[in-house]
Amino acid sequence: MPGTGTGPLVRLDATEAPPGAAAVEWLTAHRPEIREAVARNGAVLVRGLRLDNRATTVAAVGQIIGEPLVERERFAPRDTYGQGVYSSSHWPADQPMCMHHELSYAPSAPRLMAFACLIPPADGGITAIADSRAVLRDLPEDLVARFERHGWRLTRHYNPFVGITWQDAFGTDDPAEVDRYCAEHGIEARWDADGALRTVQTRPAVVRHPETGERCWFNQIAFLNEWTMAPEVREFLTAEFGPEGLPFNTFCGDGTPLDRATVDLINEVYEKHTVREPWRRGDLLVVDNVRTAHSREPHRGEREIVVGLGEPFQP
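Residues numbered from 1 in each chain as written. Predicted model: local features only at pLDDT ≥ 70, side-chain atom pairs only at ≥ 80, totals over all residues. Heavy atoms only, no water.

Section: helix H6 (residues 175–184)
For H6, the complete set of buried residues consists of Val 178, Tyr 181 and Cys 182. All buried residues of H6 fall inside an arc of 95 degrees around its axis, so they share one side. More than 90 degrees from the buried face of H6, the exposed residues found are Ala 183 and Glu 184. Looking at the buried side of H6, the elements it contacts are helix H5 (166–170), strand S11 (188–191) and strand S12 (197–203). Where H6 begins, the capping side chain belongs to Asp 174, and its oxygen is found 3.0 Å from the backbone nitrogen of Ala 176. Gly 186 occupies a position one or two residues after H6 and carries a positive phi of about 70 degrees. (Buried < 20%, exposed > 50% of the residue type's maximum accessible area, 1.4 Å probe, protein only. Helix = DSSP H or I, 4+ residues; strand = E, 2+ residues; numbered from the N terminus. Arc of directions from axis to C-beta. Contact = heavy atoms within 4.5 Å. Polar contact = N/O pair within 3.5 Å; in protein donor to acceptor, adjacent residues only side chain to side chain.)

Side note on the pairing of strand S20 (residues 304–313)
Burial of S20 is extensive: nine of the 10 residues sit out of reach of the surface. Here strand S5 (residues 85–87) runs beside S20; their pairing, made up of three bridges, is antiparallel. Counterpart to Ser 87 in the pairing with S20 is Val 306. In terms of strand pairing, strand S7 (residues 109–119) meets S20 through nine bridges, oriented antiparallel. In the strand pairing of S20, Ile 119 is matched with Glu 304. (Pairing = 2+ DSSP bridges.)

Comments concerning a negative patch on the surface
A grouping of Asp 168, Asp 173, Asp 174 and Asp 179 is seen on the molecular surface, where their side chains present a negatively charged patch. For Asp 173, the location among the structural elements is in the loop between H5 and H6. Look at Asp 173 and you get exposed, because its relative accessible area is 65%. (Patch = residues over 30% accessible without salt bridge, like charges linked within 9 Å, V, L, I, M, F, W, Y side chains within 5 Å. Areas by Shrake-Rupley, 256 points an atom, 1.4 Å probe, with all protein chains shown as cover. Salt bridge = Lys/Arg side-chain N within 4 Å of Asp/Glu carboxyl O. Lys, Arg positive; Asp, Glu negative; His and termini not counted. Charge placed at Lys NZ, Arg CZ, Asp CG, Glu CD.)

What to know about the sheet that holds S11
Across the sheet, four strands lie side by side as S11-S12-S10-S15; this open sheet has antiparallel pairing. Of all the strands in the sheet, just S11 and strand S15 (248–252) have a single pairing partner and so form its edges. Strand-to-strand twist of the sheet, defined as the mean angle between neighbouring strand axes without regard to direction, takes the value 15 degrees. Where strand S10 (residues 152–158) meets S12, seven bridges bridge the pair, whose relative direction is antiparallel. In the strand pairing of S12, Arg 153 is matched with Thr 202. Most of the contacts of helix H4 (residues 141–150) go to S15, to which it runs at about 105 degrees, and overall it touches S10, S12 and S15. (Axes fitted to C-alpha atoms, helices over the stretch in contact; angles between N-to-C directions.)

What to know about unusual backbone geometry
Residue Leu 103 is not a glycine yet carries a positive backbone phi of 55 degrees. The exposure class of Leu 103 is buried, given its relative accessible area of 2%. The phi angle at Glu 311 is positive, at roughly 55 degrees, despite the residue not being glycine. Tracing the backbone shows Glu 311 in strand S20.

What to know about the nonpolar core
For soluble globular proteins, nonpolar side chains are generally found buried alongside one another. Residues Phe 147 and Trp 217 are the most contacted members of the largest nonpolar core, which totals 60 residues. Once you skip the residues sitting within four places of it in the chain, Trp 217 turns out to touch His 101, Ser 132, Val 135, Leu 136, Leu 139, Leu 143, Phe 147, Ala 205, Val 206, Ile 266 and Tyr 270. Core analysis: the second largest hydrophobic core is formed by 27 residues, Leu 12, Ala 17, Val 61 and Ile 65 among them. (Core = buried A, V, L, I, M, F, W, Y, C linked by side-chain atoms within 4.5 Å.)

Structure (structure tokens):
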């Protein structure tokens, strides 16, 4: 399986792999090689697989991710296909999902992610990646020091009118179970009179890679901030629910609000280090979720990506 590419993304040629369900067996045999390449480079694109249906694609993703992570506290709906295997987030096709590290706000995050393309979009829809070590290196020292000292704060407002419901996010209909989960994981939870849930949690913005010990910029500070929203969306939600009623927002860990310039700067540094590769049917992208941030760009046409979350760790 020859490879090409350098930096955070290496491409492996899988055209020798058999089609359909037999491709899963081929991936199982080559899993050590694929995961070694991820550990070395941060991300691997396996190209040339003939994953011809969803069941085969789900099985392929499940083989790659290792120990599955059951998602809690998701910020957008998605379909569950198996242990640790999901659809991509149901997010408006015309809105980007900016660079982030999956579940970096949660007590348990995946160290490994896999994205498999069943249906490539007609245009756009790239799952781009960026090296979090390079991003950390190029962010201003004073900004990094502030977030490293205080962490970052995420506020969420779960209500039945916008965003995901707390039932879907926490996987339960029992408010007492949500309260127990939040208390166990350092999340402040408050219930409004109308049954809406508000949460506040503070997490580290810079973490050590669990294997290499390298410092990595690991968060969703820019993605989940109000200034990254489309202006018309932010204005509508603020007018409808008030500035504290946004479905999510981020702050410095000491509670200081972030201005547009700070959020734009973080996104600009991500853009400097962004690597893009348009999806082809059968592509399998495997990423180290700590070393590598990812995004989803706007798209036209149907797009189906199967996502796997594996190798849980505590940031």
